[in-house]
Amino acid sequence: MPNSPEYSVVSYGRDLSDAYLGAVQGAVSGLGARILELENAAGNGFTVSKLYVGYDGGLPRLRRAVAAAAAAVPARPGGEQSAVVPPSLLEDARKLLVLDVDSTLIKQEVIELLAAHAGREAEVAAVTEAAMRGELDFAASLHARVKTLAGLPASVIDEVGARIELSDGAELLVKEFLAAGHGVAVVSGGFTQVLDPLADRLRLSFRRANLLEIKDGVLTGAVSGEVVDRAVKARSLAEWARALEVAPGSTIAVGDGANDLDMLAAAALGVAFNAKPAVQAAADAVVNLPQLDVVQHFVKL
């Protein structure tokens with residue numbers, strides 16, 4: 001079967017046991033897939049093992065077999081996980097990586113940092129958590145949370161921006177994709193005024209977020225224009241892919257909350273990063289490690 005589609009079965013964790021890797025390899029071989037190449041890599045705080053395989057039985061069947069084999073191995077502190085990457089992301093073609101921002105590209109939820117200035121952090125955090133689990137309409141929850149910011153001086157935006165921390169490995173991930181000639185974009189249910197300096201610093205290809213309304217140097221408690229919700233996130237991915245002439249099969253999306261679900265579904269590979277349970281259940285790949293740069297190992301750069 002020399003012309004079988006080529007997939008990548010990527011295993012990753014703080015460390016990878018022989019039992020885990022043996023189970024994954026056994027599942028692949030058990031389907032009749034041909035192992036073409038084995039590649040190992042290491043990052044700061046994680047290790048990776050990639051099997052490149054030729055297989056005619058289709059992506060869903062291969063994913064089911066790998067997931068079942070991985071689940072059968074007793075869980076270890078190293079957080080061993082595996083993802084099956086479709087052939088389109090292994091091709092020598094330009095790719096587009098689209099990242100959520102809050103709790104994905106960065107460690108914090110910006111609206112909670114802003115709300116802390118109004119003494120409403122706990123209240124807003126509870127609403128954010130429910131919205132990310134998919135229990136509340138995102139747009140309605142955003143308006144309710146932003147309303148708590150009314151009356152704050154616009155200067156709090158710069159104060160919050162100074163406190164933002166990139167997720168571990170985020171800057172490396174962005175640099176690797178850009179250096180290889182690919183596009184990197186961010187789309188956020190957060191705020192343009194906070195995101196823009198960060199996007200400029202990382203030299204991102206595109207960015208989109210909500211615009212906080214400011215009048216006379218004070219936050220009004222409202223947002224201007226269309227709310228960046230789950231539908232806008234998915235639409236943005238498609239729009240940016242067209243702008244860069246990137247095929248749909250060469251797109252990757254990463255997020256953690258329910259408002260990322262449409263975007264993850266629209267991408268060739270949707271990655272749940274330390275995500276809510278509903279997002280992990282729907283995603284093509286799950287990363288439950290703090291290092292965002294694990295994602296670079298899902299594609300051939």
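The rules behind these values
Residues numbered from 1 in each chain as written. Predicted model: local features only at pLDDT ≥ 70, side-chain atom pairs only at ≥ 80, totals over all residues. Heavy atoms only, no water. Pairing = 2+ DSSP bridges. Helix = DSSP H or I, 4+ residues; strand = E, 2+ residues; numbered from the N terminus. Axes fitted to C-alpha atoms, helices over the stretch in contact; angles between N-to-C directions. Contact = heavy atoms within 4.5 Å. Expected span 1.5 Å × (residues − 1). Buried < 20%, exposed > 50% of the residue type's maximum accessible area, 1.4 Å probe, protein only. Arc of directions from axis to C-beta. Lys, Arg positive; Asp, Glu negative; His and termini not counted. Salt bridge = Lys/Arg side-chain N within 4 Å of Asp/Glu carboxyl O.

1. Looking at the sheet that holds strand β3 (residues 46-54)
Note on sheets: strands pair through backbone hydrogen bonds, and any given pair is parallel or antiparallel. Strand order in the open sheet made by the 4 strands is β2-β3-β1-β4, with antiparallel pairing throughout. Both edges of this open sheet fall to β2 (34-43) and β4 (81-85), since each of them pairs with a single strand only. For this sheet, the mean inter-axis angle between neighbouring strands, taken without regard to orientation, is 20 degrees. In the packing of helix α1 (residues 18-30) onto the sheet, contacts are made with β1 (6-13), β2, β3 and β4, and the angle to β1 comes to roughly 165 degrees. Helix-sheet contacts for helix α2 (residues 59-72) involve β1, β3 and β4, and the interaxial angle to β4 is about 170 degrees.

2. Here's the deal with the sheet that holds strand β9 (residues 251-255)
Reading across the sheet, the 7 strands line up as β8-β7-β6-β5-β9-β10-β11 and stay open at both edges, with mixed pairing between neighbours. Single-partner strands in this sheet number two, and they are β8 (218-224) and β11 (285-287). Across this sheet, the average inter-strand angle for adjacent strands is 25 degrees, counted without regard to direction. Pairing of strand β10 (residues 269-273) with β11 involves 3 bridges; the strand directions are parallel. Note that in β11 the partner of V271 across the bridge is A285. The strands that helix α5 (residues 138-147) touches are β6 (183-191), β7 (206-215) and β8; relative to β8, the one it contacts most, it runs at about 170 degrees.

3. Looking at α2
Taking 1.5 Å of rise per residue, the 14 residues of α2 would be expected to cover 20 Å, and the 20 Å separating its terminal C-alpha atoms lies within 8% of that figure. Turning to α2, its buried residues are L59, L62, R63, A65, V66, A69 and A70. One side of α2 holds all its buried residues, which, seen down the axis, span an arc of 165 degrees. Along α2, the residues that are exposed and aim more than 90 degrees away from the buried face are P60, R64, A71 and A72. Against the buried residues of α2 lie β1, α1, β3, β4 and β10.

4. Some remarks on the side chain of E112
The residue E112 is located in helix α3 (residues 110-117) in this model. No salt bridge is formed by the buried E112; the nearest opposite charge belongs to R145, separated by 6.2 Å. With residues near it in sequence (within four places) discarded, E112 still touches E121, V124, A125 and T128.

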